[in-house]
Amino acid sequence: MAMLVSSWSKDVYSLPETYVFPPDQRAGDLIPLACNNPIIDLNKAVDNHGRSETIQQILKAGREFGFFQVINHGTSQTLMNEAMEVLKEFFDMPAEVKERVFKVDSSKKCRLYTSTLNYDTEEVHFWRDNLTHPCHPLEDCLQLWPENPPRYREVLGKYSVEVSKLVLRILDLICEGLGLENGYFADELSQVQLLSVNQYPRCPDPSLAMGMHRHCDPNVVTILKQGDIDGLQVFKDGQWISVEPLPNAFVVIIGCQLQIISNDKLKSAEHRVVTNSEVDRTTIGYFIIPSYECFVEPAKNLIDDCNPPIYKASQYKEFLGTYAEKIGEYEAVMECYKLQ
Ligand code: OGA
Ligand code: NI
């Protein structure tokens, strides 16, 4: 196993060559923080009028940006902060303790790795570590999770339950807005739920390195807590815009499957992550994923003579295969599933 970057980066003062990206794939000049990020106040959705207005805002943001941030979402701020603290503690643990996380889980359901799962074959590495494990149903997953720090299972368990409820609530609003039957996403389309934590340590040269390459999330939807440090950028109208770090917000990123189901009424956001030289950045992603056997297609309610289906039905595991083959080529992946 390659050493986690969080285990050695504190001792290096220049960027190792294997982390230097070719010029056309680097972050480029610093991008000013965009102030036009779509922000949705979920408190407003409590009465009927507010609810339909909120739904319209979500659909507009999903169509134009492929992402939005939610505030006043009901998840306790204390719990969000605690989750962040525990995860920072996790990545600050000595290398030997972190490495035990691999050894206990030979089935690799709980994965801790650096850069990408293709570390041994990739030409350049990303300046990030990742910890991913399943979360749903919680009682079946808990024993796979790291045992250290000692609060890990308790805090992240509570966090996963809250975030899962929140994301399903947001999917309900999307359902209502698109005119899909109630609970459209509740079953097979959200059967797999993963917590995916990214650690981007302080980087000696952010202008040459990348935290994550440009990509779309292949799943239904991702809800990300990015904390108060920026680094996430979305490709919008031909340029990269920064996603403003709002400490109490979650970023909701539309994935490829939601784009297919909505028949392009919602677009998945192409995004990437840049590093910084000041502080370590930790982000907590929560992925809503279809079962691997599930066939995903444009929702029947959205199809009529004037609105023919844009995509064919495809099994999620097959889609993932194409996604892995054409990593970073969002248009090319979606093209494979277009009709005609
Ligand atoms: C991801 C992702 C963004 C971030 O995990 O797919 O895009 O800021 N993360 O960590
Ligand atoms: Ni992503």
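Residues numbered from 1 in each chain as written. Chains lettered and ligands numbered in written order. Predicted model: local features only at pLDDT ≥ 70, side-chain atom pairs only at ≥ 80, totals over all residues. Heavy atoms only, no water.

Peer 1: Quick question: what am I supposed to make of the overall build of the protein here?
Peer 2: Counting its secondary structure elements, the protein contains nine helices and 14 strands. The C-alpha radius of gyration of the protein comes to 20 Å, within 12% of the 20 Å expected for a compact globule of 340 residues. Judged by the C-alpha coordinates and their principal axes, the protein covers about 60 × 45 × 40 Å. The 340 residues of the protein split such that 54% are buried. In the protein, of all internal contacts separated by at least 6 residues, the share reaching a separation of at least 24 is 77%. When the accessible area of the protein is evaluated, it comes to approximately 15,600 Å², of which 50% is carbon and sulfur surface. Looking at charge distribution, the protein has the averaged site of its 32 positive side-chain charges lying 1 Å from that of its 48 negative ones. (Helix = DSSP H or I, 4+ residues; strand = E, 2+ residues; numbered from the N terminus. Rg over C-alpha atoms; globule rule 2.2 N^0.38 Å. Buried < 20%, exposed > 50% of the residue type's maximum accessible area, 1.4 Å probe, protein only. Contact = heavy atoms within 4.5 Å. Areas by Shrake-Rupley, 256 points an atom, 1.4 Å probe, with all protein chains shown as cover. Lys, Arg positive; Asp, Glu negative; His and termini not counted. Charge placed at Lys NZ, Arg CZ, Asp CG, Glu CD.)

Peer 1: Honestly, the coordination of the nickel ion (ligand 2) in this entry has me stumped. Any pointers?
Peer 2: For a metal bound by four donors in a tetrahedral arrangement, the ideal donor-metal-donor angle is 109.5 degrees, while six donors in an octahedral arrangement ideally sit at 90 or 180 degrees. Coordination sphere of the nickel ion (ligand 2), protein contribution only: His215 (NE2), Asp217 (OD) and His271 (NE2), at 2.0 to 2.1 Å. Summarised as a motif, the one-chain spacing of the donors to the nickel ion (ligand 2) is H-x1-D-x53-H. Note that Asp217 is positioned in the loop between β6 (212-215) and β7 (221-225) and His271 in strand β11 (residues 271-273), a separation of 54 residues in sequence. (Donors = N, O, S within 2.8 Å, 3.2 Å for Na, K, Ca; no water.)

Peer 1: Would you mind showing me how to read the sheet that holds strand β8 (residues 232-236) here?
Peer 2: Two modes of strand pairing occur in sheets, parallel and antiparallel, and in both the strands are linked by backbone hydrogen bonds. Pairing within the open sheet is antiparallel, and its four strands lie in the order β6-β11-β8-β9. The outermost strands of the open sheet, each flanked by one partner alone, are β6 and β9 (239-242). For this sheet, the mean inter-axis angle between neighbouring strands, taken without regard to orientation, is 25°. Sheet topology places β8 next to β9; four bridges connect them, and they run antiparallel. By the bridge assignment, Phe235 is partnered in β9 with Trp240. (Pairing = 2+ DSSP bridges. Axes fitted to C-alpha atoms, helices over the stretch in contact; angles between N-to-C directions.)

Peer 1: What is the right way to read the pattern of salt bridges from this model?
Peer 2: Side chains carrying opposite charge are able to pair once their charged atoms draw close together. A full pass over the atoms with the stated rule returns 13 salt bridges. Between Lys60 and Glu64 there is a salt bridge, and its shortest N-O distance comes to 3.3 Å. Taken together, the residues Lys60 and Glu64, both in helix α2 (residues 48-64) and four residues apart, mark about one turn of the helix. (Salt bridge = Lys/Arg side-chain N within 4 Å of Asp/Glu carboxyl O.)

Peer 1: Explain the sheet that holds strand β2 (residues 67-71) here, please?
Peer 2: Read from one edge of the open sheet, eight strands run β1-β2-β10-β7-β12-β5-β4-β3, paired in mixed fashion. Each of the sheet's edge strands pairs with one partner strand only, and the pair in question is β1 (39-41) and β3 (111-114). Between one strand and the next, the sheet's axes are offset by a mean angle of 25°, whatever the strand orientation. The pairing of strand β5 (residues 192-200) with strand β12 (residues 281-289) spans nine bridges and is classified as antiparallel. Each residue of the ladder has a partner; that of Val192, found in β12, is Ile289. Sheet strands touched by α2: β1, β2 and β10 (250-254). Its angle to β1, the strand with the most contacts, is close to 165°.

Peer 1: Explain the side chain of Asn219 to me, please; I cannot follow it from the model alone.
Peer 2: With respect to the helices and strands, Asn219 occurs in the loop between β6 and β7. Among the residues examined, Asn219 registers a relative accessible area of 1% and is labelled buried. Within the local environment of Asn219, its side chain forms a polar contact with the side chain of Thr222, the two groups lying 3.2 Å apart. Within the structure, the side chain of Asn219 is placed 3.3 Å from the backbone oxygen of Ile288, a separation counted as a polar contact. (Polar contact = N/O pair within 3.5 Å; in protein donor to acceptor, adjacent residues only side chain to side chain.)

Peer 1: Help me understand the environment of Gly28, please; the structure alone is not making it clear to me.
Peer 2: Turning to its location among the elements, Gly28 is positioned in the loop between α1 (5-8) and β1. Along the chain, Gly28 and Cys175 lie 147 residues apart, while their C-alpha atoms are 38 Å from each other.

Peer 1: Any chance you could explain the packing of aromatic side chains here in plain terms?
Peer 2: Between two aromatic rings, the relevant description is the distance of the centres plus the angle of the planes. Enumeration according to the criterion identifies 14 aromatic pairs in this entry. On the basis of an interplanar angle of 70° and a centroid distance of 5.3 Å, the ring pair of Tyr184 and Phe185 is categorised as edge-to-face. Look at Phe319 and Tyr337: their rings are 5.0 Å apart centre to centre, the planes differ by 35°, and that puts the pair in the tilted class. Taken together, the residues Phe319 in helix α8 (residues 316-325) and Tyr337 in the segment after α9 (330-336) connect sequence positions 18 residues apart. There is no split in this pair, since Phe319 and Tyr337 are both buried. Between the NZ or CZ atom of Lys236 and the centre of the ring of Phe65, over which it lies, the distance is 4.7 Å. (Phe/Tyr/Trp six-rings, centres within 6.5 Å; stacked < 30°, edge-to-face > 60°. Lys NZ or Arg CZ within 6 Å of the ring centre and 35° of its normal.)

So, to be careful, I would describe these as geometric facts and stop short of saying anything about function.
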